[in-house]
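Descriptive structure summary
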Amino acid sequence: MTQLPSVAIVILNWNGRHFLEKFLPSVTASTYANLSVIIADNASTDDSISFLQKNYPSVRIIINPINEGFAKGYNTALKQLNTDYYVLLNSDVQVSKEWINPIISLMENDKLIAACQPKILSYNHPHQFEYAGASGGWIDTLGYPFSRGRIFDHCETDSGQYEDISQIFWATGAAFFVRSSVFHDMEGFDEFFFAHQEEIDLSWRMQRAGYKIYVVPSSVVYHVGGGTLAMGSKRKVYLNFRNN
């Protein structure tokens, strides 16, 4: 029997102990056989590390000495890993047990697929798509990002209208499956972004290099959203407009 490709779920954490306590059980219950779970901690000042050491001794912890943001925080952590695929997962996401298998199966069958995302539903309103990616990201001719199931701040009810496996323009950073070799060939995220829209930039660069981005809606996760930078915060608004 051929061994499944290795997958590392990497959760970037900054003072998110409450999210780890709530959502890490669903992550560790994932059924994919060749899986490791890593917490990349961005210099948290809460008790995230002691909580993990006490309750999840099998979870590897990478400690970044300063808060490097999403982009550099992940770049720093992923340089220390050696798996076939990375899954960059926000700490405020609840996953379903079988969420990994259909995406890895698709990517294994087409080596030009560099990145994928699952369907993103709202944790608080589970029949609605969630803002950060919904059922796959697109971009319009003016450069405005939107998603199958979300335009501006309007999120549709999921009634099965976006269930097809589809090529998209960008995959959400909330649950970002990426082929590790391509991630490093692209030199990872552009660290200038710090946070927000760095996944759109990377998805664009990967497509310019000849790769494809997909959504696999049979894989479903539930995202709280705004877990690190709250919706409407000045810092979030600034980063979104600057980075766009």
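Sequence positions are assigned chain by chain, starting from 1 and proceeding in written order. Owing to the predicted nature of the model, reporting of local features is limited to residues with pLDDT of at least 70; listing and counting of side-chain atom pairs is limited to 80 or more, with chain, interface and lining totals taken over all residues. To get the side-chain values, take all heavy atoms of the structure and skip hydrogens and water.

Here we come to helix α6 (residues 198–208). For α6, the full list of buried residues reads E198, E199, I200, D201, L202, S203 and M206. Backbone geometry just downstream of α6 places G210 in the positive-phi region, at approximately 100°. A 1.4 Å probe rolled over the protein chains alone gives each residue an accessible area, and that area as a share of the maximum for its type sets the label: buried under 20%, exposed over 50%, partly exposed in between. In DSSP terms, a helix is any run of H or I states spanning at least four residues, a strand is any run of E spanning at least two, and both are numbered starting from the N terminus.

Below, the discussion takes up the nonpolar core. Nonpolar cores were defined as sets of buried Ala, Val, Leu, Ile, Met, Phe, Trp, Tyr and Cys residues, with membership established by side-chain atoms within 4.5 Å. Formed by 31 residues in total, the largest nonpolar core has its most connected members in L89, W99 and F177. In this description, contact between two residues means that some pair of their heavy atoms is separated by no more than 4.5 Å. Sequence-distant contacts of L89, defined by excluding residues within four places in its chain, comprise I9, V10, I11, L12, V27, Y74, V95, W99, A174 and A175. Counting 30 residues, the second-largest nonpolar core is a separate cluster that includes A71, L81, F176 and M206.

Where burial is concerned, most of strand β6 (residues 113–122) is hidden: ten out of the ten residues are buried. In this sheet, strand β13 (residues 212–223) lies alongside β6 in parallel orientation, the contact comprising nine bridges. Across the sheet, residue S122 finds its bridge partner in β13, namely H223. Bridge count for β6 against strand β12 (residues 175–179) is two bridges, and the pairing is antiparallel. Across the sheet, the residue bridging to C116 is F177, located in β12. Two strands pair if DSSP finds at least two bridges between them.

In terms of burial, strand β2 (residues 35–42) is largely enclosed, as six of its eight residues are buried. When strand β1 (residues 7–13) meets β2, the two strands line up parallel, connected through seven bridges. Note that in β2 the partner of V7 across the bridge is L35. By convention a crossover is right-handed if, when the strands point away from the viewer, the path from the first strand over the helix to the second runs clockwise. Read from β1 through helix α1 (residues 17–28) to β2, the crossover connection turns out right-handed. Where β2 lies against strand β3 (residues 60–64), five bridges are found, and the strand directions are parallel.

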